[in-house]
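# Structure at a glance
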Amino acid sequence: MSISKRRFGFTKDGREVTCFTIDNGKLKAEILDYGVTIKNLFVPDKSGKPVDVVLGYDSIKEYEENDGYLGATIGRVGNRIAKGKFTLNGEDYTLAVNNGPNHLHGGLKGFDKAIWGSEERENSIIFSHLSPDGDEGYPGNLKVTVEVILEENGITLNYSAETDKDTLINLTNHSYFNLNGGGSVLNHTLKLNAEKFNVGDGDCLPTGEIASVFGTVMDFTKERSIGNGVDSDEPCVRLSRGYDSNFILNGEGPAAVLKSERSGIIMTVSTTEPGVQVYSANFLTPRRGKNGADYTYRHALCLETQHFPDSVHHKDWPTCVLKKGERFSSKTTYSFNV
Ligand code: BGC
């Protein structure tokens, strides 16, 4: 196991960005302190050749200039909050609106754009960030950490947070996975431990309805190719130009298994979170990625473990309220085999 670091570059406003490499001889991850971004994740394929299974860029300039949150940590609240407004303890709050009429992924300057503090451990790095009271409109000084652990066969993200005033929290990672290292993701197969999903509207905001996946293209309870369904007329898929929905996890066993026959790589996602946003990169506009790679829409699958979108407006769903004096913690592991 080795951990090393190098200067990755400087942001437009002159902040230094560091790239950490964690290597255990089998897997190798490169993580930026900018957004606790997973820049590379090398995993051996069926012939033992390392494949970089996440999309990303070669320079900090590209991370700053492009949209899509490639590989980044998302907070305070991942996914959408309707109209960027909510009421907590009788007080009304207004957040930045950055996705049509709604608030998405923490706002205009979310955790993905912060440079986090870092502390190296034996097989992990603990990244920390202080989000001040009023940040993007959220109440409370929030201390948040993400520990990135390189396991023998995977990578674990351990999230924790504390606040000095009741606030909202829903942390995730926005890696774009492609188990062939590039190209269309539609030939991958997916299995989800989910029998229900949140129905979304044209802005991908939950309508409140929770629907059964059975008899629809949302049914991934048995392994199925992503391409089979991505162009269907199922309203949630059609409105989002592909998959972009929160699936409600059954609670026991891995949340998701993504496979590519070509590379032979199988990724298993386990999480303590109650949901996973399955997003087939429908809005990834054509762009240049690492090592001159061409990325375009549907070139990756994001599996964003999370609380349900807009849960602040749905009392019966698992709450994303973090109370003063309580500690938020959550854990997601992506493990790999062939
Ligand atoms: C959202 C998509 C959005 C993407 C990139 C996903 O989590 O659900 O609608 O386009 O993130 O911002």
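Starting from 1, residues in each chain are numbered consecutively following that chain's sequence as written. With pLDDT at 70 or above as the cut-off, local features in this predicted model cover only qualifying residues; side-chain atom pairs require 80 or more to be listed or tallied, and sums for whole chains, interfaces and linings still use all residues. Working from all heavy atoms in the structure, the side-chain values ignore hydrogens and water.

### What about the overall build of the protein chain?
In this description a helix means any DSSP run of H or I spanning at least four residues, a strand means any run of E spanning at least two, and both kinds are numbered starting from the N terminus. Within the protein chain one finds two helices and 29 strands. In terms of overall dimensions, the protein chain is globule-like: its C-alpha atoms have a radius of gyration of 19 Å, near the 20 Å expected for 338 residues. By principal-axis analysis of the C-alpha atoms, the protein chain measures approximately 60 × 50 × 35 Å. Remark: exposure states derive from per-residue accessible area (1.4 Å probe, protein chains only) relative to the maximum for the residue type, with buried under 20%, exposed over 50%, and partly exposed in between. In the protein chain, which comprises 338 residues, the share counted as buried stands at 57%. The contact criterion used is simple: two residues touch if any of their non-hydrogen atoms lie within 4.5 Å. Sequence separation of at least 24 residues holds for 65% of the intrachain contacts in the protein chain that already meet a minimum separation of 6. Here, Shrake-Rupley sampling with a 1.4 Å probe gives the accessible areas, and only protein chains in the shown set may cover a residue. Accessible surface for the protein chain amounts to roughly 13,700 Å². Of this, 47% is attributable to carbon and sulfur atoms. With 37 positive and 45 negative side-chain charges, the protein chain shows a separation of 3 Å between the mean positions of the two kinds. Note that the radius of gyration is over C-alpha atoms, with the globule rule given as 2.2 Å times the number of residues to the power 0.38. The charge count includes Lys and Arg as positive and Asp and Glu as negative, but it does not include His or the ends of the chains. All charge positions are set by atom: Lys at NZ, Arg at CZ, Asp at CG, Glu at CD.

### A few points about the site of the ligand
Around the ligand, the neighbouring residues are Tyr69, Asn79, Arg80, Leu104, His105, His174, Tyr176, Asp244, Gln277, Tyr279, Phe283 and Glu304. For this analysis, a polar contact is any N or O atom pair within 3.5 Å, provided that within protein one partner can donate a hydrogen and the other can accept it, and provided that sequence-adjacent residues contribute only side-chain to side-chain pairs. Here an oxygen atom of the ligand sits 3.0 Å away from a polar atom, N or O, in the side chain of His105. Interatomic distance of 3.4 Å between a side-chain N/O atom of Tyr279 and an oxygen atom of the ligand. Contact with the protein chains hides 93% of the accessible area of the ligand, taken as 310 Å² for the molecule alone. Throughout this document, a residue counts as near a molecule or strand when at least one of its heavy atoms sits within 4 Å of that molecule or strand.

### Some thoughts on the packing of aromatic side chains
Each pair of aromatic rings taken from Phe, Tyr and Trp, with Trp reduced to its six-membered ring, is defined by centres within 6.5 Å and is described as stacked if the planes are under 30 degrees apart, edge-to-face if over 60, and tilted in the remaining cases. In total, this model carries 13 aromatic pairs according to the counting rule given. With 6.5 Å between their ring centres and 75 degrees between their planes, Phe220 and Phe247 make a pair best called edge-to-face. One end of the pair, Phe220, is in the loop between β19 (206-212) and β20 (224-225); the other, Phe247, is in strand β21 (residues 244-249), and 27 residues separate them in sequence. For the pair Phe220 and Phe247, one class covers both residues: buried. Ring centres of Phe308 and Trp317 lie 5.7 Å apart, and the angle between their planes is 65 degrees; on these two criteria the pair is classed as edge-to-face. There is no split in this pair, since Phe308 and Trp317 are both buried. Through a chain of ring-to-ring contacts, three or more aromatic side chains come together here, namely Phe197, Phe220, Tyr243 and Phe247. Above the plane of the ring of Phe220 lies Arg224, whose end atom (NZ or CZ) is 4.2 Å from the centre. Any Lys NZ or Arg CZ that is within 6 Å of a ring centre and within 35 degrees of that ring's normal is treated as a charge sitting over the ring.

### A few points about the sheet that holds strand β23 (residues 266-271)
At least two DSSP bridges between two strands are needed for those strands to be called paired. One open sheet holds the nine strands; their spatial order is β11-β12-β13-β14-β29-β23-β22-β17-β20, and the pairing between them is antiparallel. The open sheet terminates on both sides in strands that have one partner only, identified here as β11 (117-120) and β20. Sheet analysis places strand β17 (residues 189-192) next to strand β22 (residues 256-259), joined by four bridges and oriented antiparallel. Opposite Lys191, over in β22, you have Val257 as the bridge partner.

### So, the pattern of salt bridges
Salt bridges are counted wherever a side-chain nitrogen of Lys or Arg sits within 4 Å of a carboxyl oxygen of Asp or Glu. With the rule as written, the count across this model stands at 15 salt bridges. Across the salt bridge formed by Lys290 and Asp52, the nearest N and O atoms sit 2.7 Å from each other. Of the two residues, Lys290 is situated in the loop between β25 (287-288) and β26 (294-295) and Asp52 in strand β5 (residues 50-52); the sequence distance between them amounts to 238 residues. Note on Lys290: relative accessible area 6%, which makes it buried. In the salt-bridge network here, residues are joined through shared partners; they are Arg6, Glu30 and Lys39.

### Some thoughts on the pairing of β19
Bridge count for strand β18 (residues 194-200) against β19 is four bridges, and the pairing is antiparallel. In the strand pairing of β19, Phe197 is matched with Ala211. Where β18 folds back on β19, the antiparallel hairpin that results is connected by five residues, among which Cys204 adopts a positive phi of roughly 65 degrees.

### Quick look at unusual backbone geometry
Each neighbour pair has its own omega, and for Gly75 with Arg76 the value is 0 degrees, a cis peptide bond. Mapped onto the elements, Arg76 comes out in the loop between β6 (73-74) and β7 (80-81). Phi at Arg241 is positive, roughly 60 degrees, even though this residue is not glycine. Take Arg241: it is sitting in the loop between α2 (235-239) and β21. With a relative accessible area of 45%, Arg241 lands in the partly exposed category. Here the phi dihedral of Ala281 falls at roughly 55 degrees; this positive angle occurs in a residue that is not glycine. We classify Ala281 as buried; its relative accessible area is 0%.

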